[in-house]
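A closer look at the structure
Chain by chain, the residues:
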Amino acid sequence: MGFGRRVHIKTDEEVELLRESSLLVGKTLAAVAERIRPGVTTLELDAVAEEFIRDHGAEPGFKGYGGFPNSLCTSVNEAVVHGIPNDKPLEEGDIVSIDCGVLKNEFYGDSAYTFAVGAIAPEIQQLLDVTKECLRLAIEQAVVGKRIGDIGFACQQHAEKHGYGVVRELVGHGLGRSLHEAPEVPNYGRRGNGPRLMNGMVLAIEPMINLGRKEVFHLEDGWTIVTADRKVSAHFEHDVVVRNGQADVLSSFDEIEKVLQH
Ligand code: MG
Ligand code: MG
């Protein structure tokens, strides 16, 4: 998918519209989280999300995007990203990565969270914890004076320290009036390499980390990306604004984690 070449620096007004869209994604994922348990299908979760998004005056950002059929990408276990919701019930011990986009006031929000279905194996819980840490460490690099490669380096170093595979084929991206804008934001990289980060750049940072090897392939449905070794994969995504000193995180997992703590 082409991201275009031009980086769109956002005004403060645009940032607030992006914040509204990004926060709505978090609330949508929280509504979905309330329904995640063994026996629920990803199509049922998709219906919850679509209704929630429309009830909040927005459009599902993914539905129809490049021909994608649904409002959520639901990627179970060895699926990395871009899974299509289906009628297969989730099972105890599964993980499901749920990626959601909304379009409101002409701006997109785009955020993802990987959920445990019931009790999961400790080694899988560790993958979820470390992938979320990768996201936090990557976001710490999203400041003026750093470069795109610093974001990827922070993510890759932390993941590989744990023996995990960092997916190369899919990357984060700029975000705004388009779901995918320049620059590309890889989850791997070299320190001090790549485009300079500028105040007001809005980035979707989204580590995709595999329990096993980094290699992935495309399923025949044309969308779903799965790990080559069929081991599980995790995905967390936040939308952030590059600022001086500290990035401004536009999306939030707070509502999701309130649900998960109950
Ligand atoms: Mg996403
Ligand atoms: Mg994204």
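Right above here is the structure, for reference.
A short tour of the structure in this document, coming up. (Residues numbered from 1 in each chain as written. Chains lettered and ligands numbered in written order. Predicted model: local features only at pLDDT ≥ 70, side-chain atom pairs only at ≥ 80, totals over all residues. Heavy atoms only, no water.)

**Some thoughts on the pairing of strand 5 (residues 107–116)**
In terms of burial, strand 5 is a largely internal element, nine of the 10 residues being buried. Of the strand pairs in this sheet, strand 4 (residues 95–104) and strand 5 are connected by 10 bridges, and their pairing is antiparallel. Within strand 5, the position partnered with Gly 101 by the bridge is Asp 110. Linking strand 4 to strand 5, which pair antiparallel, is a turn of two residues; within it Asn 105 sits at a positive phi near 50°. (Buried < 20%, exposed > 50% of the residue type's maximum accessible area, 1.4 Å probe, protein only. Helix = DSSP H or I, 4+ residues; strand = E, 2+ residues; numbered from the N terminus. Pairing = 2+ DSSP bridges.)

**Topic: the pattern of salt bridges**
Under the criterion given, the structure shown has 17 salt bridges. Taking the shortest distance from any N to any O, the salt bridge between Asp 12 and Arg 243 comes out at 3.5 Å. Residue Asp 12 is located in helix 1 (residues 12–33), and its partner Arg 243 is located in the loop between strand 14 (238–241) and strand 15 (248–249); the two are separated by 231 residues in the primary sequence. With a relative accessible area of 52%, Asp 12 lands in the exposed category. Put simply, Arg 54 and Glu 59 hold a salt bridge, and the shortest N to O gap is 3.0 Å. (Salt bridge = Lys/Arg side-chain N within 4 Å of Asp/Glu carboxyl O.)

**Here's the deal with the sheet that holds strand 6 (residues 165–166)**
Spatially, 6-10-13 is the arrangement adopted by the three strands of the open sheet, whose pairing is antiparallel. Only two strands of the sheet have a single partner each, and these edge strands are strand 6 and strand 13 (233–235). Examined bridge by bridge, strand 6 and strand 10 (residues 208–210) share two bridges and lie antiparallel to one another. In the sheet register, Gly 165 faces strand 10, and the bridge partner there is Asn 210. Helix 3 (residues 122–140) contacts strand 10 and strand 13 of the sheet and is inclined by roughly 35° relative to strand 13. (Contact = heavy atoms within 4.5 Å. Axes fitted to C-alpha atoms, helices over the stretch in contact; angles between N-to-C directions.)

**Thoughts on the environment of Ala 58**
For Ala 58, the position within the fold is in the loop between helix 2 (42–55) and strand 1 (59–60). Remark: the alpha-carbon pair of Ala 58 and Val 216, spanning 158 residues in sequence, is separated by 33 Å. Excluding anything up to four places from it in sequence, Ala 58 contacts Leu 24, Ile 53, Val 102, Leu 103 and Lys 104.

**A few points about the coordination of the magnesium ion (ligand 2)**
Within the protein, the magnesium ion (ligand 2) binds to Asp 110 (OD), His 173 (NE2), Glu 206 (OE) and Glu 237 (OE); these donor distances fall in the range 2.1 to 2.3 Å. The distance between the magnesium ion (ligand 2) and the magnesium ion (ligand 1) is 3.1 Å, with Asp 110 acting as a donor to both metals. With Asp 110 in strand 5 and Glu 206 in the loop between strand 9 (202–205) and strand 10, the pair connects residues that are 96 residues apart, well separated along the chain. Each member of the pair, Asp 110 as well as Glu 206, is classed as buried. (Donors = N, O, S within 2.8 Å, 3.2 Å for Na, K, Ca; no water.)

**Details of the coordination of the magnesium ion (ligand 1)**
For the magnesium ion (ligand 1), the full set of protein donor atoms is Asp 99 (OD), Asp 99 (OD), Asp 110 (OD) and Glu 237 (OE), at a range of 2.0 to 2.4 Å. The motif formed by the donor residues of the magnesium ion (ligand 1), counted along the single chain, is D-x10-D-x126-E.

**Remarks on the packing of helix 3 against helix 4 (residues 148–161)**
The N-to-C vectors of helix 3 and helix 4 enclose an angle of 155°; their axes lie 8 Å apart at closest approach. In terms of their interaxial angle, helix 3 and helix 4 are classed as roughly antiparallel. In terms of crossing hand, the pair formed by helix 3 and helix 4 is right-handed. Of the residues in helix 4, those in contact with Val 130, Glu 133, Cys 134, Leu 137 and Ala 138 of helix 3 are Ile 151, Ala 154, Cys 155, His 158 and Ala 159. Residue classes in the contact of helix 3 with helix 4 are distributed as eight nonpolar, one polar and one charged. (Parallel < 35°, antiparallel > 145°, perpendicular 65-115°, else oblique. Left-handed = near helix turned anticlockwise from the far one by under 90°. Nonpolar A, V, L, I, M, F, W, Y, C, P; charged D, E, K, R; others polar.)

**Re the nonpolar core**
Soluble, globular proteins show a tendency: their nonpolar side chains are buried together. One finds Ile 98, Leu 203 and Ile 205 to be the most contacted residues of the largest nonpolar core, which totals 56 residues. It is helix 3 that provides the largest number of residues to this core, a total of eight residues. Excluding its chain neighbours within four sequence positions, the residues that come into contact with Leu 203 are Ile 148, Ile 151, His 173, Gly 174, Pro 183, Val 185, Leu 197, His 238, Asp 239, Val 240 and Val 242. Grouped together as the second largest cluster of nonpolar side chains are 13 residues, Val 15, Phe 62, Phe 107 and Leu 175 included. (Core = buried A, V, L, I, M, F, W, Y, C linked by side-chain atoms within 4.5 Å.)

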